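One letter stands for each residue in the lines below.
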Amino acid sequence: MITKLRFWKFLLLMLGLAFYAGTNAMAQEEVTETVAEVVAEIPADKLDEGLAYESYDAFMATPAADFFTISNLWLLIAAGLVFIMHLGFSTVETGLTQSKNTVNILFKNVFIVCMGVIVYALWGFNSMYPGDFNGFFAMGSPIANGFDSAGTVGNMTDSYAAYTYWTDFIFQAMFAATAATIVSGAVAERIKLAGFMVYATILVCFVYPITGSWEWGGGWLDAHGFADFAGSSLVHAFGGYSALAAVILLGARKGKYVDGKIKPILGHSMPLATIGVFMLFFGWFGFNGGSVLSADPQGVSFVFVTTTLAGCAGGLGGMFTSWILLKKPDLSMGLNGILAGLVGITAGADVVSPWGSVVVGILAGIIVVIAVLFFDKIKIDDPVGAISVHGICGNWGTLCVALFGGAAAADAGVTLTWQFIGTAAVSIFAFICSFIIFGIVKAVMGVRVSEEEEFGGLDVGEHGQEAYPDFAVASKG
Amino acid sequence: MITKLRFWKFLLLMLGLAFYAGTNAMAQEEVTETVAEVVAEIPADKLDEGLAYESYDAFMATPAADFFTISNLWLLIAAGLVFIMHLGFSTVETGLTQSKNTVNILFKNVFIVCMGVIVYALWGFNSMYPGDFNGFFAMGSPIANGFDSAGTVGNMTDSYAAYTYWTDFIFQAMFAATAATIVSGAVAERIKLAGFMVYATILVCFVYPITGSWEWGGGWLDAHGFADFAGSSLVHAFGGYSALAAVILLGARKGKYVDGKIKPILGHSMPLATIGVFMLFFGWFGFNGGSVLSADPQGVSFVFVTTTLAGCAGGLGGMFTSWILLKKPDLSMGLNGILAGLVGITAGADVVSPWGSVVVGILAGIIVVIAVLFFDKIKIDDPVGAISVHGICGNWGTLCVALFGGAAAADAGVTLTWQFIGTAAVSIFAFICSFIIFGIVKAVMGVRVSEEEEFGGLDVGEHGQEAYPDFAVASKG
Amino acid sequence: MITKLRFWKFLLLMLGLAFYAGTNAMAQEEVTETVAEVVAEIPADKLDEGLAYESYDAFMATPAADFFTISNLWLLIAAGLVFIMHLGFSTVETGLTQSKNTVNILFKNVFIVCMGVIVYALWGFNSMYPGDFNGFFAMGSPIANGFDSAGTVGNMTDSYAAYTYWTDFIFQAMFAATAATIVSGAVAERIKLAGFMVYATILVCFVYPITGSWEWGGGWLDAHGFADFAGSSLVHAFGGYSALAAVILLGARKGKYVDGKIKPILGHSMPLATIGVFMLFFGWFGFNGGSVLSADPQGVSFVFVTTTLAGCAGGLGGMFTSWILLKKPDLSMGLNGILAGLVGITAGADVVSPWGSVVVGILAGIIVVIAVLFFDKIKIDDPVGAISVHGICGNWGTLCVALFGGAAAADAGVTLTWQFIGTAAVSIFAFICSFIIFGIVKAVMGVRVSEEEEFGGLDVGEHGQEAYPDFAVASKG
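Fair warning: this is a prediction, and the values are worked out from it, not measured in the lab.

Student: I would appreciate a short explanation of the overall build of chain A in the present structure.
Tutor: Helix and strand counts for chain A stand at 19 helices and 2 strands. Going through the 477 residues of chain A one by one, you find that 69% of them count as buried. Within chain A, residue pairs in contact and separated by at least 24 positions form 78% of the contacts whose partners lie at least 6 positions apart.

See the structure below:
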């Protein structure tokens with residue numbers, strides 16, 4: 001009873017905040033830090049006029065407006081592509097778990113996209129630019145509410161050279177929701193719904209923007225030459241290590257590790273898992289391609305090439321590694337290999353050479369198979385391999401910027417030392433915060449469903465609903 | 001026998017018309033009405049030259065060509081995104097119904113996209129600009145057939161400032177097909193295939209363009225300041241109220257309402273339903289984003305933000321409302337909540353503020369749950385909730401332009417009175433036309449399958465084909 | 001044992017080559033041939049400056065840069081759309097076959113995308129421009145490895161007017177992978193995994209670029225006015241006739257043709273098949289739309305219209321033809337009709353008029369149904385109809401350029417004779433090469449699984465993994 005009450009109170013609080021924000025929101029964005037970075041990636045002559053315009057209409061009358069319009073459009077399309085990654089996550093996680101927990105996993109994924117975007121608008125976006133607390137993190141505030149002083153729709157500041165304020169928000173909001181979704185797969189099949197909802201909401205609202213600010217907000221990691229192009233560390237390792245902490249506190253699924261033996265719990269639909277990976281790959285064109293932050297032809301096309309080559313190489317790496325180690329060509333390892341390759345190239349997609357990307361991808365595909373087997377051995381029960389794919393390969397990808405980034409990375413001041421410090425800092429911070437939040441939720445609300453519910457499935461237990469009521473269940477054993 | 005004969009005659013007639021059109025089509029488009037609207041949304045200096053060019057090549061040599069090229073490309077991509085909404089509709093409807101009717105539902109959806117686009121080319125597109133009958137509606141005619149007087153591929157008129165004639169057609173054709181698809185879900189699991197095909201073809205070909213012309217064709221509603229940005233009324237309420245008339249004439253599924261009790265008939269695949277909603281959300285970026293009718297950076301980015309926030313807020317609204325009312329967090333209500341939020345913001349995505357969008361979305365999510373329960377109570381059997389999502393929330397969204405559109409809406413002459421008149425007019429007209437057409441089809445061909453066929457499933461009955469022949473069916477009860 | 005050894009040796013060789021390439025790759029692209037074609041499709045004044053620039057930065061400072069940026073972005077987005085066609089192929093093939101072979105089919109599809117892109121980077125791309133051997137074919141070499149002499153990211157040559165070198169590569173790489181995937185469906189449910197992997201890799205690496213070079217590389221077919229806009233012959237007929245050779249050598253599935261009777265083997269999931277066709281249609285906007293090779297508004301919008309109309313007309317053609325011939329409206333024939341219409345318009349999407357496209361599509365939809373029935377009659381066992389859809393309709397579409405291309409095609413020097421010679425040459429060459437490669441693989445490694453494995457399913461046999469372990473299998477008969 002008390003648990004439920006607290007949960008509802010939390011939700012009321014959130015909704016109340018949203019309503020307050022809706023009527024009262026003031027634009028308090030602190031975004032000037034990133035201008036230099038944006039500018040650096042755009043042909044100089046395209047920008048000069050953009051930075052000096054006095055109103056939106058005045059700017060749109062300059063020759064710089066066309067490049068601005070193209071770039072802005074590309075970032076919006078990229079945001080759409082990142083959005084569809086949530087379909088990918090939903091189906092990968094569902095496919096790799098049991099049919100009796102399908103509704104629950106889908107619900108969690110749908111919830112976290114919805115809540116993630118709302119709380120990012122409410123707090124996260126405006127807290128991603130540090131300053132309030134000695135450059136370490138900042139207070140958040142709701143995004144602006146529409147009409148600027150000039151009375152036009154939208155809100156333009158002269159600090160944006162290649163996209164509008166709204167484009168910046170929506171693109172980043174999709175990333176934020178991604179980070180929280182990564183956790184969802186690792187804790188699947190035994191976590192209490194309400195507990196997960198509270199935990200994931202806090203994580204994406206308050207913690208994700210802090211580590212994000214260290215680099216993309218122009219914080220301390222950025223100041224030391226740390227490079228994480230599209231988020232191998234800031235999104236993927238963040239999600240992976242948050243998941244690790246949650247899994248440790250949550251414990252393994254019943255029947256997974258019995259008498260020192262590892263009992264495989266099979267995923268119920270390989271087509272769903274495959275659809276998911278293809279969708280994630282598709283979305284990654286926006287995730288990495290959009291992170292160029294303009295439509296610069298060289299930049300975006302280069303990123304498409306490195307991203308694709310690494311993903312494909314990762315798939316081959318995963319397939320052949322599983323074939324050698326497990327004696328059979330394993331589809332799910334091939335799929336995880338693709339994701340591993342994509343996560344691996346995410347930090348350096350703009351600087352690693354094409355053939356370097358192939359090497360990064362193959363090695364990521366090998367690493368992920370070994371990592372999955374390793375975590376199973378030490379009884380960290382991660383049903384979908386999220387910790388290995390996003391956590392370990394997120395670390396790997398971040399290091400690869402220094403290892404394979406060549407002259408381009410070196411010129412930008414990238415060093416292996418700071419790549420290591422950066423990815424370690426993000427991972428450890430995510431782990432600790434996740435551990436604390438998940439620990440508190442565990443103590444207050446509980447995070448684990450009962451043994452009967454776990455056995456009977458969370459779909460019926462949590463939702464009173466079956467995912468496939470028309471199909472007969474196979475008798476096992 | 002007579003029924004079948006009539007059906008084939010109808011089809012032969014349609015194909016004959018298509019062939020006639022193929023050899024004889026003349027460009028008779030009447031499109032100048034909308035120019036003012038298009039122009040109003042594009043920075044003036046970008047347009048000046050576009051309106052005065054003498055040939056395509058001459059225009060493409062002007063500085064205005066780049067903005068034109070970007071905008072044109074965006075509308076084409078948006079058309080592709082609206083197309084993929086049909087995958088969304090197909091899987092949502094399939095997932096929320098029984099496995100024995102899956103082939104039938106997929107067939108209907110695939111058919112209506114194909115036929116919808118063809119008849120829109122044949123008649124609908126050129127009838128969307130009223131004038132022939134006192135400004136109320138117009139005669140249609142086939143779209144132009146390719147080569148204009150200048151001998152270049154395509155057909156440009158100087159009335160198009162931000163996209164070509166072909167782009168205009170394909171973008172609007174995707175919308176037209178959408179309207180008819182909405183009906184398909186509401187009448188699922190007991191409608192006769194041939195009857196549905198004839199009904200839906202007539203609806204999309206002749207009726208949809210009439211209500212469309214009232215606003216987007218510059219008709220009487222447009223003249224009174226009625227605002228429906230991307231079609232809360234013109235597409236969604238149109239589809240929803242057409243569905244309502246059809247469902248009333250068709251009757252409920254056998255066994256749904258027995259002895260005064262409502263017996264739930266469960267959907268057979270929640271992953272399919274979820275895939276569908278994600279795809280619809282993804283497509284909505286094109287549905288709303290493309291309705292800016294140019295790549296104007298402020299306009300498109302603002303619409304992306306309001307659309308996303310309303311969809312996410314709608315999901316939360318649906319989830320929590322179902323949790324409170326039904327005691328369990330219901331996935332399908334969360335999914336319908338997302339759709340409700342998206343439908344709700346569609347009319348005002350260009351003027352409602354971001355936090356206003358959140359409020360519009362949450363309320364739409366609440367409304368849709370209540371509406372679904374209400375229609376079930378009055379024995380309107382709508383297996384997928386299409387009437388609630390598209391009809392009721394289409395009305396709601398149209399009113400929201402006046403309620404939440406603020407200064408931007410007021411400046412454009414939007415009033416609550418005319419928003420109400422407009423959405424009521426579209427809904428009632430759709431209902432009446434649908435009632436008449438469906439009634440005639442019912443009288444002539446029959447619309448309802450036999451009780452045995454309904455019990456055994458339409459897949460075997462109508463198609464002689466099972467959707468999942470490899471899987472054993474669960475015994476019920 | 002020997003078989004396995006040879007397989008691993010082959011793979012080691014490929015990976016070794018990849019690594020060698022990664023460290024040693026030199027840019028040896030021979031691409032100037034196509035410039036004339038590219039230029040021809042772009043407004044002249046947009047190009048003049050582009051062809052004369054001295055460095056990337058110098059070019060980006062010219063007014064031509066904006067059109068270049070838009071076009072480049074469109075080709076990248078189109079590449080992403082072609083990528084998602086692989087999700088389409090995977091789910092169509094899976095849906096139309098039995099559940100016991102699902103993992104195997106998914107594995108093959110995922111593998112071939114990954115390997116296809118890598119070997120295209122390693123050899124194929126730079127062999128698509130003939131010259132080394134009397135204009136018939138060329139030696140390949142790895143793509144360039146990143147940094148050009150100017151030290152910027154990417155590699156620009158002044159021969160590219162509307163997209164970068166990297167964009168050219170990634171767009172074409174997606175096409176290459178498509179060709180090999182077509183075979184995968186036709187040989188499904190009885191082919192040995194390792195044999196298929198070696199065969200498909202060789203096909204996409206060495207054979208596909210040869211026929212591609214004849215037209216797109218400016219080879220002998222191009223010189224005679226042969227037109228194949230986006231690859232009805234070069235991609236689809238190539239894949240279809242390669243599949244035909246493989247199927248002949250492989251033989252039919254056990255139990256398919258017994259005592260002179262054709263026993264249907266049903267697909268296990270019609271939703272998967274439908275998802276696949278929608279995804280393929282969606283991807284085709286990039287496949288055909290991107291083949292304009294710029295964002296030219298007339299060109300791209302016209303191609304969207306012809307592509308959509310042909311696909312929709314094909315669906316109607318397939319539906320009604322199956323209804324007449326098979327007495328029931330068959331969903332899979334409708335789906336194959338859509339694909340047939342799309343394949344049919346692919347060669348002439350830029351010149352066939354809109355109503356001509358409808359005719360091309362309807363006829364393709366009729367042809368595909370007849371072709372499927374014909375191949376079944378002569379005991380060519382093609383589980384998904386790939387030979388009919390891609391092979392036969394690929395031929396049909398190529399002829400349609402001359403038949404329905406009108407003045408635009410005639411002006412470009414297109415003749416029915418050379419359309420026939422071209423599509424025949426590509427088809428026969430693909431058939432012969434496929435026959436030889438598949439024959440060698442059959443002799444050395446074996447291509448057919450054992451009868452027990454075929455009966456028990458390739459998922460367990462080849463992968464030790466079930467696609468749907470939670471669901472009970474229906475007992476048959």
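Student: Please clarify how the interface of chain B and chain C should be interpreted in this entry.
Tutor: Accessible area lost upon the coming together of the parts is a frequently used measure of interface size. Between chain B and chain C, the residue contacts involve 63 residues of the former and 56 residues of the latter. Those elements giving two or more residues to the side of chain B that touches chain C turn out to be α1 (2-24), α4 (56-60), α5 (64-95), α6 (102-124), α7 (165-186) and α19 (458-463) of chain B. Per-element tally for the side of chain B that touches chain C: the top contributor is α5 of chain B, with 17 residues. Of the residues belonging to the side of chain B that touches chain C, the class tally is 41 nonpolar, 18 polar and 4 charged.

Student: Sorry if this is basic, but what is going on with the relation of the copies chain B and chain C here?
Tutor: One copy of the chain maps onto the second through a rotation around an axis plus a translation along that axis. When chain B is brought onto chain C, the operation consists of a screw motion whose angular component is 120° and whose axial shift is 0.0 Å, with 0.0 Å RMSD remaining. This pairing of chains is accounted for by a three-fold axis. The rotation axis passes nearest to the C-alpha of alanine 472 of chain B in chain B, at a distance of 3.2 Å. A distinct binding surface is used by each copy, with only 8% of the interface residues of chain B retained as interface residues in chain C.

Student: Would you mind showing me how to read the interface of chain C and chain A here?
Tutor: Of the residues lining the interface, 63 residues belong to chain C; the matching set on chain A comes to 56 residues. For the side of chain C that touches chain A, the secondary-structure elements that each account for two or more residues are α1 (2-24), α4 (56-60), α5 (64-95), α6 (102-124), α7 (165-186) and α19 (458-463) of chain C. Looking at the side of chain C that touches chain A, the element that brings in the most residues is α5 of chain C, giving 17 residues. Partitioned by chemical class, the residues of the side of chain C that touches chain A number 41 nonpolar, 18 polar and 4 charged.

Student: In this structure, what is going on with the packing of α7 of chain B against helix α15 (residues 386-404) of chain B? I would like to understand it.
Tutor: For any two helices packed against each other, one specifies the crossing angle of their axes together with the interaxial distance. All names here are of chain B. Contact pair α7 / α15: the axes reach a minimum separation of 8 Å and the direction vectors enclose 140°. Comparing their axes, α15 and α7 come out oblique. In contact with Ile182, Gly185 and Ala186 of α7, α15 contributes Ala386, Ile387 and His390. Taken together, the residues of the contact of α7 with α15 sort by class into 4 nonpolar, 2 polar and no charged.

Student: Would you explain the environment of arginine 190 of chain A in this entry?
Tutor: Tracing the chain through its elements places arginine 190 of chain A in the loop between α7 (165-186) and α8 (193-215). The spacing of arginine 190 of chain A and serine 301 of chain A is 111 residues in sequence and 43 Å in space, taken between C-alpha atoms.

Student: Just checking my understanding: could you explain the relation of the copies chain C and chain A for this structure?
Tutor: For the pair chain C and chain A, the superposition axis carries a translation of 0.0 Å, the fit reaches an RMSD of 0.0 Å, and the rotation angle comes to 120°. Here only 8% of the contact residues of chain C are again contact residues in chain A; the copies associate through non-equivalent surfaces.

Student: Mind showing me how you'd approach the nonpolar core here?
Tutor: Soluble globular proteins tend to pack their nonpolar side chains together in the buried interior. Judged by nonpolar contacts, the single largest core of 549 residues is most densely connected at Ile118 and Val204 of chain A, Ile118 and Val204 of chain B together with Ile118 and Val204 of chain C. If we ignore the near neighbours within four places in the chain, the residues touching valine 204 of chain A are Gly116, Val119, Tyr120, Ala176, Ala177, Ala179 and Ala180 of chain A.

Student: How should the environment of arginine 190 of chain C be read in this particular structure?
Tutor: Residues and elements named next belong to chain C. Judged by the 23 C-beta atoms lying within 10 Å of it, arginine 190 falls in the buried class. In this structure the C-alpha to C-alpha distance between arginine 190 and valine 449, which are 259 residues apart in sequence, comes to 5.8 Å. Excluding anything up to four places from it in sequence, arginine 190 contacts Leu250, Arg253, Arg448, Val449 and Glu454.

Student: Mind showing me how you'd approach the environment of valine 247 of chain A here?
Tutor: All names here are of chain A. Tracing the backbone shows valine 247 in helix α10 (residues 232-250). Considering only alpha carbons, one finds valine 247 and aspartate 382, 135 residues apart in sequence, at a separation of 7.3 Å. With residues near it in sequence (within four places) discarded, valine 247 still touches Ala186, Val187, Ile380, Asp381 and Asp382.

Student: How should I be thinking about the confidence of the model for chain A in this particular structure?
Tutor: One rule of thumb: low pLDDT means the predicted coordinates there are not for detailed reading. Residue and element names in this part refer to chain A. Of all residues in chain A, 83% attain a pLDDT of 70 or more, and the chain-wide mean is 86. Note that residues 47-52 has pLDDT below 50 and, in this model, 13 contacts with residues that lie over four places away or in other chains. In the model, residues 149-160 has pLDDT below 50 throughout and makes 33 contacts with residues more than four positions away in sequence or in other chains. Model confidence for the complex is summarised by a pTM of 0.92, with the ipTM given as 0.90.

Student: In this structure, what is going on with the packing of helix α12 (residues 297-326) of chain C against helix α14 (residues 354-377) of chain C? I would like to understand it.
Tutor: Residue and element names in this part refer to chain C. Packing of α12 against α14 leaves a shortest axis separation of 6 Å and a crossing angle of 35°. Judged by the twist between their axes, the crossing of α12 over α14 is right-handed. When grouped by side-chain class, the residues that make up the contact of α12 with α14 number 16 nonpolar, 11 polar and no charged.

Student: Quick question: what am I supposed to make of α5 of chain C here?
Tutor: Side chains of residues three or four places apart in an α-helix project in the same direction, reflecting 3.6 residues per turn. With 32 residues, α5 of chain C should reach 46 Å at 1.5 Å per residue; the first-to-last C-alpha distance of 47 Å fits that figure. Among the 32 residues of α5 of chain C, 32 are classified as buried, and the element is accordingly described as predominantly covered.

Student: What is the right way to look at unusual backbone geometry in this model?
Tutor: Outside of glycine, negative phi angles account for most residues, and trans bonds account for most peptide bonds. Unusually for a residue other than glycine, leucine 293 of chain A sits at a positive phi of about 65°. Overall, the presence of 25 C-beta atoms within 10 Å leaves leucine 293 of chain A in the buried class. Positive phi, normally seen in glycine, also occurs at lysine 379 of chain B, with a value near 65°. Looking at the secondary structure, you find lysine 379 of chain B in the loop between α14 (354-377) and α15.

Criteria and cut-off values
- Residues numbered from 1 in each chain as written.
- Chains lettered and ligands numbered in written order.
- Predicted model: local features only at pLDDT ≥ 70, side-chain atom pairs only at ≥ 80, totals over all residues.
- Helix = DSSP H or I, 4+ residues; strand = E, 2+ residues; numbered from the N terminus.
- Buried ≥ 20, exposed ≤ 12 C-beta atoms within 10 Å, placed from the backbone.
- Contact = placed C-beta atoms within 7 Å.
- Nonpolar A, V, L, I, M, F, W, Y, C, P; charged D, E, K, R; others polar.
- Least-squares fit on C-alpha atoms with pLDDT ≥ 70 in both.
- Axes fitted to C-alpha atoms, helices over the stretch in contact; angles between N-to-C directions.
- Parallel < 35°, antiparallel > 145°, perpendicular 65-115°, else oblique.
- Core = buried A, V, L, I, M, F, W, Y, C linked by C-beta atoms within 7 Å.
- pLDDT = per-residue confidence, 0-100.
- Left-handed = near helix turned anticlockwise from the far one by under 90°.
- Expected span 1.5 Å × (residues − 1).

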